[in-house]
Structure formats: structure tokens, C-alpha cells
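Structural overview
Each chain is listed here by its residues.
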Amino acid sequence: MTTTLSTTPITHAQNLASGTIGRALLAIERAHHDLAPWNTANSLLRECTTALVISESAGASLYFGAPAVGLALHTANNATGLYERALEQIDAEVIALTHRRLALAHARIGRGAAPRLSEFDFFYGLTGLGVYHLQRGTAPAALRVVLTYLVRLTEELPDGRPGWWTDLDPSGRISSNFPQGHGNAGTAHGVSGPLALLALAYLDGTVVPGHLLAISRITSWLDSIRRGTDAACWWPEWTTTIQDDGTAADHSVPTRPSWCYGVPGQARAQQLAALALGDADRQRRAEEAMLQGLRRTALLNESGLCHGITGALLLANRMADDAPAGFFDHGIGRLLDRAKAAPTDEHDGFLNGEAGVQLALLADRYASEPSAGWDAFLLAQHTPAEDGPR
């Protein structure tokens, strides 16, 4: 396959939220399970590889441009071997992008300034690029420098706030509603994304200095804002104020159990962290939190992956892999019935559209088999085997 590169976002196909790449991922997964021919996936991938966006100023990230397309090609290449040359070219661009983003991030830390969420988050930031390198497995040095940055991110800001605390609101703007910024606990844009990557990399055997300390710093902060009881806890989407007793002042009742900001993504990150730390109590709390979250899915009124039912379904299936047998069976069964009946957005994209819904339903259908790898786009990949650090 021939790829062409661009520094301007001239194609919608590479947008993981609603572009062609979502349909390509579904076609790849269907072919992976012998439900469709590979030529459908190949045709859609060709559409995505024209004028690949490689510039950070144009939005290149795990959810748009070369990194997104590269990871999609990776899922297809595992079975077909057709994309080696294209992937070599994309890998080189993503490695260069990663180092450019890291240079900016370390310079910001050196100034003692607070970060933007898009510096480190999963959708647009360095956590997403770290997931790319973890999945590809071809640039261990690039993965290690991202992990090293995440360790540094967990160090306190000069004023004592957590290193991931931003002066902006969740949309990345200055807001009178967030006069002191906020600490974001979500998976898509908050610190649960870096936590999941740190834990997945550790369990996969890639370890950097301060690795477990960074995981512990994040989990300790999440403990400080945790609400409810050990048997039924939850975490707010974000906090703007920490009270004298160390708890979050925001969110008096649980929010919707969505993948992006709610308990499914947060609990999976906590479960992975518990496996990395060997913390059985934390793992139990995470699994109980997810079980309780599944009982609140009436708050979800759509079926999409990001905000809806199938995102919770996917994460429940992944958490079930590492939980006691049968722990989530009833909740998964109820979610599956709702997912099949709930409406989707009009488009056929990945994040909130029909392609994502069908991918999650396939993941449930083939829960005992590995996927082609598309679930990495939601930090929902299977737990790596514990081979020890490297």
C-alpha cells in the first residue's frame, strides 16, 4: 500500500470519531472472525491512507491522522501482512511526532506551568501516542520515553497541586466556572488514561524508573476523591476543589456510567493498576464499583462506545477477564439486551456511531477470543501476560 502525507487535515476519513476509519475497523474485525472478506477492509483502509495527517498543529493523534490510521493498519497487518511498508513509514512519523510532543511537554514542566489536558490525555495527547507504541511493539524506546514523561507528570506542580491539574475547564478553555482549573479523573481526557497505560505497560514488561511510584501517586489521588463506600464506591468526573478531609467537593451523586468519564473506564484503570501493584483490595473495590455502575445504566440513553451502553458493555467484558468467574454475568446480560435496542447516532463512525456499536457486540459474541486489536482505541485491550520487567 502506498501512503501520502499531509500537514493539513484535508480528509475526514482519518477521524476516528465519525470517519471512514471506524468502518475500516469493523471490516477488519469481521474479517478477523471470518465473517467477511478481507478485500472490504483493504478498500476502506486505502481510503484512509491518502494525505495522512502527521502534524501536531493539524491534530495528529491517536484519534486523528497518521497514528489512528497506523494503529488500524496494525490490526489488519497482523492477519494479512499487507501493510509492512506503509507501517514502517507511519511508525517513523509517529515516533517523530512523539518526540516533538515530549519536548514541548518537558519544557512546560520545566517552567513549572500547569498542563493542558491535550498534552497528556488519551484522545489527543501523549497517552494515546504511548498506546500506539505499546500496541505496535516496534519502537520500545519511544514507549519508554512516553512512560518516563508520565512518571514526571505525576510529580506535584510547584504550588502543590497534582501534576496533571490544569488551569482550564474540561473543554480546554479558561472559564469562570473553573477559576482554579480542575483535576480530571476521566479516561478519555483525564488521569485514568495515563494510569491505564502505565499499568498495561508494566504488566507487559516495559518498566521505567519510578513506574510503580507514578501508579501509586495517581491511585492515591483517586482514593482521595473517591465517593461512596468500599462496597459501592465511585469517582467524580473531575474535581475543582479538595476539601479539608481530602475528598472532592464536586458531584454529590454518581454521574452516568460512560466509558469516557464514568466508572467503566475509571474502574478498569483501577483494576489494571491493582494488578500491577499486587493490591487485591484495590482490585476488589474496582470490580465492585463497576458492578454498581452497571446497575445505573438507565442513565445511558444511547448505544455508542464513548457515552453509551456499548462502551460500558465492552469494559465489563474486559474486567470480567480478570474478575472472579461469573462476577459480571448478570450485568453484562442486561447491557447486551439494551445495546441491541438502543438508538445510535446517524453516522456510521467508531466513537458514537454504528461501527463502534457493532464492534462492541462482536467483542461480546467472541469474548473468549482475542480481537484484531481495535479495542486499544478505548484502552480496553486484554490484560497482557506478566512476563516480568524489561
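Residues numbered from 1 in each chain as written. Predicted model: local features only at pLDDT ≥ 70, side-chain atom pairs only at ≥ 80, totals over all residues. Heavy atoms only, no water.

The chain goes by Lanthionine synthetase C family protein in an unreviewed UniProt entry, where it is assigned to Streptacidiphilus cavernicola.

**Some details on the overall build of the chain**
For the chain, the helix and strand inventory stands at 14 helices and six strands. For a compact globule of 390 residues, the expected C-alpha radius of gyration is about 21 Å, and the chain comes in at 20 Å, within 12% of that figure. Out of the 390 residues in the chain, the part that is buried amounts to 59%. Across the chain, the fraction of contacts at a sequence separation of at least 24, relative to all contacts at a separation of at least 6, is 70%. Accessible surface, the chain as shown: approximately 14700 Å² in total, 50% of it carbon and sulfur. A gap of 2 Å separates the mean positions of the 30 positive and 40 negative side-chain charges of the chain. (Helix = DSSP H or I, 4+ residues; strand = E, 2+ residues; numbered from the N terminus. Rg over C-alpha atoms; globule rule 2.2 N^0.38 Å. Buried < 20%, exposed > 50% of the residue type's maximum accessible area, 1.4 Å probe, protein only. Contact = heavy atoms within 4.5 Å. Areas by Shrake-Rupley, 256 points an atom, 1.4 Å probe, with all protein chains shown as cover. Lys, Arg positive; Asp, Glu negative; His and termini not counted. Charge placed at Lys NZ, Arg CZ, Asp CG, Glu CD.)

**Concerning helix α10 (residues 263-277)**
Across its 15 residues, α10 extends 20 Å between first and last C-alpha, which sits within 8% of the 21 Å expected from 1.5 Å per residue. Of all 15 residues in α10, 13 are buried, a share of seventy percent or more. Positive backbone phi, approximately 70°, marks G278, located one or two places after α10. (Expected span 1.5 Å × (residues − 1).)

**Topic: the side chain of S192**
Checked against the element boundaries, S192 lands in helix α8 (residues 192-204). Among the residues examined, S192 registers a relative accessible area of 0% and is labelled buried. When residues no more than four places from it in sequence are discounted, the contact partners of S192 are A185, G186, T187, L222, Q266 and A269.

**As for the environment of L117**
Its place among the elements puts L117 in helix α5 (residues 117-120). Its relative accessible area of 9% is what places L117 among the buried residues. Remark: the alpha-carbon pair of L117 and N184, spanning 67 residues in sequence, is separated by 8.4 Å. Other than its neighbours up to four places away in sequence, L117 contacts T166, P170, H182, N184 and H189.

**Side note on the nonpolar core**
Counting 127 residues, the largest nonpolar core has Y63, W259, F350 and L378 as the members making the most contacts within it. Apart from the residues lying within four places of it in its own chain, the contact partners of Y63 are Q14, N15, L16, A68, F122, F123, W259, F350, L351, F377 and L378. (Core = buried A, V, L, I, M, F, W, Y, C linked by side-chain atoms within 4.5 Å.)

**Points about unusual backbone geometry**
One non-glycine residue, D34, adopts positive backbone phi at about 60°. When you line up the elements, D34 lands in the loop between α1 (20-32) and α2 (38-48). Classification of D34 by relative accessible area gives exposed; the value is 70%. At A51, a residue that is not glycine, the phi angle is positive and equals roughly 55°. Overall, the relative accessible area of 10% leaves A51 in the buried class.

**Things to note about the environment of G293**
When you line up the elements, G293 lands in helix α11 (residues 280-294). Note: C-alpha distance between G293 and P264 (29 residues apart in sequence) is 7.2 Å.

**Side note on the state of the cysteines**
Enumeration according to the criterion identifies zero disulfides in this entry. With no disulfide of its own, C260 lies 3.8 Å from the sulfur of C306, the closest cysteine sulfur. (Disulfide = S-S within 2.5 Å.)

**Structural notes on the pattern of salt bridges**
Inspection of every chain in the model, using the stated rule, returns twelve salt bridges. Salt-bridge contacts for R161 lead to D159; the nearest nitrogen and oxygen are separated by 2.8 Å. In this structure R161 comes out as partly exposed when scored by relative accessible area, which is 22%. Within the structure, one salt-bridge network assembled from shared partners comprises D223, R226, D230, D279 and R282. (Salt bridge = Lys/Arg side-chain N within 4 Å of Asp/Glu carboxyl O.)

**Describing the confidence of the model for the chain**
Looking at the chain as a whole, the pLDDT averages 92, with 93% of positions reaching at least 70. Confidence drops under a pLDDT of 50 for residues 386-390, and excluding neighbours within four residues, the segment shows ten contacts in the predicted structure. (pLDDT = per-residue confidence, 0-100.)

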